[in-house]
Amino acid sequence: MNERRLDGNAVGGLLGEIFTFEATTAEGACDRCGTVAHVGEVMAYVSEIGTVVRCASCDNALIRVALNPRGYFLDLRGFSYLRFER
Amino acid sequence: MTGEVRRLPLRLAWRIGEVVETRPATPRTRSLFLDVPGWEGHKAGQHVDLRLTAEDGYQAQRSYSIASAPEDERIELVVERLDDGEVSPYLTDELRAGDRLELRGPIGGWFAWEAADGGPLFLVAGGSGIAPLMSMIRHRAAGSEAPCRLLYSSRSREETIFADELDRLAGSDGSLEVVHTLTRSQPPGWTGYDRRIDGEMLAEVAPSPDEGSRTFVCGPTPLVESVATALVGLGHDASRIKTERFGPTGG
C-alpha cells in the first residue's frame, strides 16, 4: 500500500469537504494524552484506503476518514474536544 | 471522489487550470505557472490539490504549495521530480504550456501569513519547502516592512530554488536577510554554512526569542521536526512556530 506521511495541512482539502470551518486552524485535545494541537501541525497518513490524523505526542488516531461509494466514514473519537472559530 | 455531488465552496470544487508556462527552477525541480479562471486569490502559505486521472480512471492526488504572491497574476507551483513518484515525473517531464490540470484551492489557513499579521518573520526552508515561504517573501516585498530572515538549506548552489531572486530581493531590501546553508557541495570560496541545519546554526541565525518572531518552517519531515524542537529548546514560543512537512515518498 502506498501510504504518504504528511501533516494536517495536506489534508485541509479533504477536511474542507466535510467541515464548514477551516480545519487546519482548529485546535483539538487528544482524548488519550490530553495534548492540544492544531490540526495543521500534527501528522497525517494518507493512503488509498483513507486518511488518519494522529496526535503528535502519543500517536493516537484523532481523525480517521475513509471515502467509498457509500459516502464518507468519519471517526473523531480520538478527540476529547475540537475548538474552531465561529 | 464524490465531492462534486455536494455543494462545496468553489475553492474545494475540482476545476480546470491552464498551464501557461513551465520552466526549470533547478536540475530537479520545475516551476509550473497556471491560470485558473475565477481564482479568488490566496494567502501566502496556502496550497492547491492537484488531481491526475489516468486513462483507466485511476486517480492520484497531491498537494503543492503556492510559491507566487497573492499579488501575482499567475499561480506558480514548484514541483520536485521524485524518480519513483506517481505524479511528479508527469508534472516535470510531460506537462506543456497549454495543457490543462485539474485542481482545487486555495487550501489551508494554519500555515499562512498575511502582511496584516505583522512580523518579524523567521522562515526556515529545506529544499522545495521554500515554495510557501517564497510566497510570503514575495507578498512581503509587495508592501510589508516586517523584518524577515530566511534560513534556507539546499544541497548546492545549483539546487537552490529561487537563488537569483532571493539574492536580488535581499540586495535591495535591508530588512530581508537570507542565510544559505549548502549541504553537499559549495562553490569555490564559499564562507557560509555547509551542513544540515542544527541547533548551533539556529542559535546563530534565529532572531532572539524576545523578538517574538512568527516562525514558519517547511521542508522534509526530519528537518521540520528537528528545527521546531531546537527552536523550542532555544526558548522560542512553540505557539509562534508553524510547520509544514512534506514526505519525499509517493510524489
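Being a predicted model, the structure only gives us computed values, none of them experimental. Throughout, a residue's number is its position along its own chain's written sequence, starting from 1. Lettering of chains starts at A and numbering of ligands starts at 1, both following the order in which they are written. Where local features are concerned, this predicted model is filtered to residues with pLDDT of at least 70; where side-chain atom pairs are given and counted, the filter is 80 or more; whole-chain, interface and lining totals use all residues.

Student: Before we go on, may I ask you to explain the overall build of chain A in this structure?
Tutor: The secondary structure content of chain A amounts to one helix and eight strands. Helix and strand assignments come from DSSP, with helices taken as H or I runs of at least 4 residues and strands as E runs of at least 2, each series counted from the N terminus. Starting at the N terminus, the α and β elements of chain A follow one another as β-α-β-β-β-β-β-β-β. Computed over the C-alpha atoms, the radius of gyration of chain A is 12 Å, within 12% of the 12 Å expected from 2.2 N^0.38 for a compact globule of 86 residues. Burial is judged by counting other C-beta atoms within 10 Å of a residue's own C-beta: 20 or more means buried, 12 or fewer means exposed, and anything between counts as partly exposed, with every C-beta placed from the backbone. Expressed as a percentage of the 86 residues in chain A, the buried residues total 40%. The contact criterion used is a C-beta to C-beta distance within 7 Å, with each C-beta placed from the backbone. Across chain A, every contact between residues at least 6 apart in sequence was considered, and the portion connecting residues at least 24 apart equals 49%. Note that the radius of gyration is over C-alpha atoms, with the globule rule given as 2.2 Å times the number of residues to the power 0.38.

Student: Would you explain the pairing of strand E2 (residues 27-30) of chain A in this entry?
Tutor: Regular strands have side chains that alternate between both faces of the sheet. Residue and element names in this part refer to chain A. What you see with E2 is a clean split: Gly-28 and Cys-30 sit on the buried side and Glu-27 and Ala-29 on the side with no burial. The rule for pairing is simple: two strands pair if DSSP sees at least two bridges between them. Pairing between E2 and strand E3 (residues 36-38): three bridges, direction antiparallel. Looking across to E3, one finds that Glu-27 is bridged to His-38. Judged from the four bridges that link them, E2 and strand E8 (residues 79-83) form a sheet pairing that is antiparallel. If you follow Glu-27 over to E8, its bridge partner there is Arg-83.

Student: Help me understand the domain arrangement of chain B, please; the structure alone is not making it clear to me.
Tutor: By a widespread convention, an interface's size corresponds to the accessible area lost as its parts come together. Residues and elements named next belong to chain B. For chain B, the domain assignment lists domain 1 (3-107) and domain 2 (115-246). The split into domains, and so the bounds of each, comes from an automatic or database assignment of domains. A C-alpha centroid distance of 24 Å is found between domain 1 and domain 2. Secondary structure elements with two or more residues in the side of domain 1 that touches domain 2: strand E1 (15-26) and strand E5 (75-80). Each residue is assigned to one of three groups, with Ala, Val, Leu, Ile, Met, Phe, Trp, Tyr, Cys and Pro labelled nonpolar, Asp, Glu, Lys and Arg labelled charged, and all others, Gly among them, labelled polar. Residues that form the side of domain 1 that touches domain 2 fall into these classes: eight nonpolar, five polar and three charged.

Student: Explain the sheet that holds E2(A) here, please?
Tutor: Residue and element names in this part refer to chain A. Spatially, E3-E2-E8 is the arrangement adopted by the three strands of the open sheet, whose pairing is antiparallel. A single partner strand is all that each edge strand has here, and the edge strands are E3 and E8. Geometrically, the sheet is characterised by an average inter-axis angle of 25 degrees between neighbouring strands, direction not taken into account. A fitted line through C-alpha atoms serves as each axis, taken over the contacting stretch for helices, and the angle formed by two N-to-C directions is quoted from 0 to 180°.

Student: Would you mind going over the interface of chain A and chain B with me for this structure?
Tutor: Each side of the interface is counted separately: chain A has 18 residues, and chain B has 20 residues. Only strand E1 (4-7) and helix H1 (12-18) of chain A provide two or more residues apiece to the side of chain A that touches chain B. Residues of the side of chain A that touches chain B, tallied by class, amount to three nonpolar, nine polar and six charged.

Student: What is the right way to read the sheet that holds strand E7 (residues 71-75) of chain A from this model?
Tutor: Residues and elements named next belong to chain A. One open sheet accounts for five strands, arranged E1-E4-E5-E6-E7; its pairing is antiparallel. A strand with exactly one partner marks an edge of an open sheet, and here the two such strands are E1 and E7. Put simply, the sheet's adjacent strands are angled 20 degrees from each other on average, direction ignored. The pairing of strand E4 (residues 43-47) with strand E5 (residues 50-54) spans five bridges and is classified as antiparallel. When the bridges of E5 are listed, Ala-44 appears paired with Val-53.

Student: Quick question: what am I supposed to make of the confidence of the model for chain B here?
Tutor: When pLDDT drops low, the exact placement of atoms in the prediction is not to be read closely. Confidence per residue, as judged by the predictor, is encoded in pLDDT with a range of 0 to 100. Across chain B, pLDDT averages 94, with 96% of residues at or above 70. Predicted complex metrics record ipTM = 0.92 and pTM = 0.94.

Student: Explain the nonpolar core here, please?
Tutor: Most often, soluble globular proteins have nonpolar side chains that are buried together. All names here are of chain B. In plain words, the nonpolar core is the set of buried Ala, Val, Leu, Ile, Met, Phe, Trp, Tyr and Cys residues that C-beta atoms within 7 Å link up. One finds Leu-77, Leu-123 and Leu-133 to be the most contacted residues of the largest nonpolar core, which totals 49 residues. In terms of residue count, helix H2 (residues 130-141) provides more of this core than any other element does, six residues in total. Both domain 1 (3-107) and domain 2 (115-246) contribute no fewer than three residues apiece to this core. Ignoring sequence-local partners within four residues, the contact set of Leu-133 consists of Leu-123, Ala-125, Leu-150, Phe-216 and Cys-218.

Student: Help me understand the pairing of strand E4 (residues 59-65) of chain B in this model?
Tutor: All names here are of chain B. Sheet analysis places strand E3 (residues 47-53) next to E4, joined by seven bridges and oriented antiparallel. Looking at the pairing, Thr-53 lines up with Gln-59 of E4. The loop that links E3 with its antiparallel partner E4 comprises five residues; one of these, Gly-57, has a positive phi angle of about 95 degrees.

Student: Before we go on, may I ask you to explain the environment of Val11(A) in this structure?
Tutor: All names here are of chain A. Position of Val-11 among the secondary structure elements: in the loop between E1 and H1. Along the chain, Val-11 and Thr-24 lie 13 residues apart, while their C-alpha atoms are 8.2 Å from each other. Apart from residues no more than four positions distant in its own chain, Val-11 is found in contact with Ala-44, Val-46, Thr-51 and Val-53.

Student: For this particular structure, what's the right way to read unusual backbone geometry?
Tutor: The step from Gly105(B) to Pro106(B) runs through a cis peptide bond, and the omega angle for that step is 5 degrees. Within the secondary structure, Pro106(B) sits in strand E6 (residues 100-107). With an omega of -10 degrees, the peptide bond running from Gly119(B) to Pro120(B) counts as cis. Here Pro120(B) shows up in the loop between E6 and strand E7 (121-126). At Asp59(A), a position not held by glycine, the phi torsion is positive, near 70 degrees. Checked against the element boundaries, Asp59(A) lands in the loop between E5 and strand E6 (61-68). Here Asp59(A) falls in the partly exposed class, since 14 other C-beta atoms lie within 10 Å of it. The residue Phe162(B) is not glycine, and still its phi comes out positive at about 65 degrees.

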